[in-house]
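# Structural features, examined
Chain by chain, the residues:
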Amino acid sequence: MNIDLDFLKNSSTPYQHAIIISSAALLVALSLLFFGIMPARTRMSAVVKQIATEKNTLESMREDIQGTERQRAQTDTAREQHLAFLATGAIEPLLGSFAMRGKNLLDPLSQQTGFSIDSVKELPRLPIRLPAPPPEQLYARQPIEFSGHGSYNQIVAFVTAVESSLPLATLNNLRILSQPQTPERHKAIVTFEWPVKGEKLQPVVKGKDK
């Protein structure tokens, strides 16, 4: 591309100055466009994307916080229901064993009355007759056998203390075996039973008539 410089040379000085200033201004504008505005727009676009990403992250964190609050509320409700269940006198497994839970409950009463518990055994669970209509939550009878020794008065005091302190602990069986070598202390096999949670029935949904 050839530029007719003779035309520029033959032009008046003010006109030449105007051409030069316009060209310089154009060069400055182009430089500002390519080296200033376009990079700034690129950076602005990146900033907008980053803001959108941070906004999504913030929304996700808010949802997580709300979910945590809901989970905490559900946990508190479940804990209250669990404590209410235990407050009724029912028992639950301790370390996977009803026998361990029963011993944990009766050890303080054993020490209080002087009856020494030697061993504990979990017996097979016994069913409870269902009322009509059947409840959603089923229960069963859980016998636990306690073998120990003590005087006759200590044995009676132990049984009385258990039934008075734990209303839902019912005496299932009692055997007292005299010991010739220790006539004042006898071996006793005492069986108590507690209500325990069983299967939870799902309500039957009747189909709609067509």
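Just above sits the structure.
Presented here is a report on the structure given in the accompanying data block. (Residues numbered from 1 in each chain as written. Predicted model: local features only at pLDDT ≥ 70, side-chain atom pairs only at ≥ 80, totals over all residues. Heavy atoms only, no water.)

Once that is clear, we can look at the side chain of Gln-142. Locating Gln-142 in the fold gives a position in strand 3 (residues 137-150). A distance of 2.8 Å separates a polar atom in the side chain of Gln-142 from the backbone oxygen of Leu-123. Only 3.5 Å separates the side chain of Gln-142 from the side chain of Arg-125, close enough to count as a polar contact. Residues contacting Gln-142, with those up to four places away along its chain left out, are Phe-98, Glu-122, Leu-123, Arg-125, Phe-192, Glu-193, Trp-194 and Val-196. (Helix = DSSP H or I, 4+ residues; strand = E, 2+ residues; numbered from the N terminus. Polar contact = N/O pair within 3.5 Å; in protein donor to acceptor, adjacent residues only side chain to side chain. Contact = heavy atoms within 4.5 Å.)

The next subject is the nonpolar core. Among the nonpolar cores identified, the biggest contains 22 residues, and Leu-106, Ile-144, Phe-146, Phe-158, Val-162, Phe-192 and Trp-194 are the most heavily contacted of them. Elements supplying a minimum of two residues to this core: helix 3 (98-113), strand 3, helix 4 (152-165) and strand 5 (186-200). Non-local contacts of Ile-144, meaning those with residues more than four positions away in its chain, are made with Ile-91, Phe-98, Ala-99, Gly-102, Val-120, Lys-121, Val-190, Thr-191, Phe-192 and Trp-194. (Core = buried A, V, L, I, M, F, W, Y, C linked by side-chain atoms within 4.5 Å. Buried < 20%, exposed > 50% of the residue type's maximum accessible area, 1.4 Å probe, protein only.)

What follows concerns the packing of aromatic side chains. In this structure the tally under the stated criterion is five aromatic pairs. Both rings, one in Phe-192 and one in Trp-194, keep their centres 6.4 Å apart while their planes meet at 55 degrees; by these two values the pair is tilted. Trp-194 matches Phe-192 in its accessibility class, with the two residues each being buried. An aromatic cluster of three or more residues is present, and its members are Phe-115, Phe-146, Phe-158, Phe-192 and Trp-194. (Phe/Tyr/Trp six-rings, centres within 6.5 Å; stacked < 30°, edge-to-face > 60°.)

A complete count under the given rule lists three salt bridges for this structure. The residue Glu-145 makes a salt bridge to Lys-121 at a minimum N-O spacing of 3.8 Å. Linking Glu-145 in strand 3 with Lys-121 in strand 1 (residues 116-122), this pair joins segments that are 24 residues apart in sequence. Between Arg-141 and Glu-193 there is a salt bridge, with its nearest N and O atoms 2.9 Å apart. Note that Arg-141 is positioned in strand 3 and Glu-193 in strand 5, a separation of 52 residues in sequence. A relative accessible area of 12% means that Glu-193 is categorised as buried. (Salt bridge = Lys/Arg side-chain N within 4 Å of Asp/Glu carboxyl O.)

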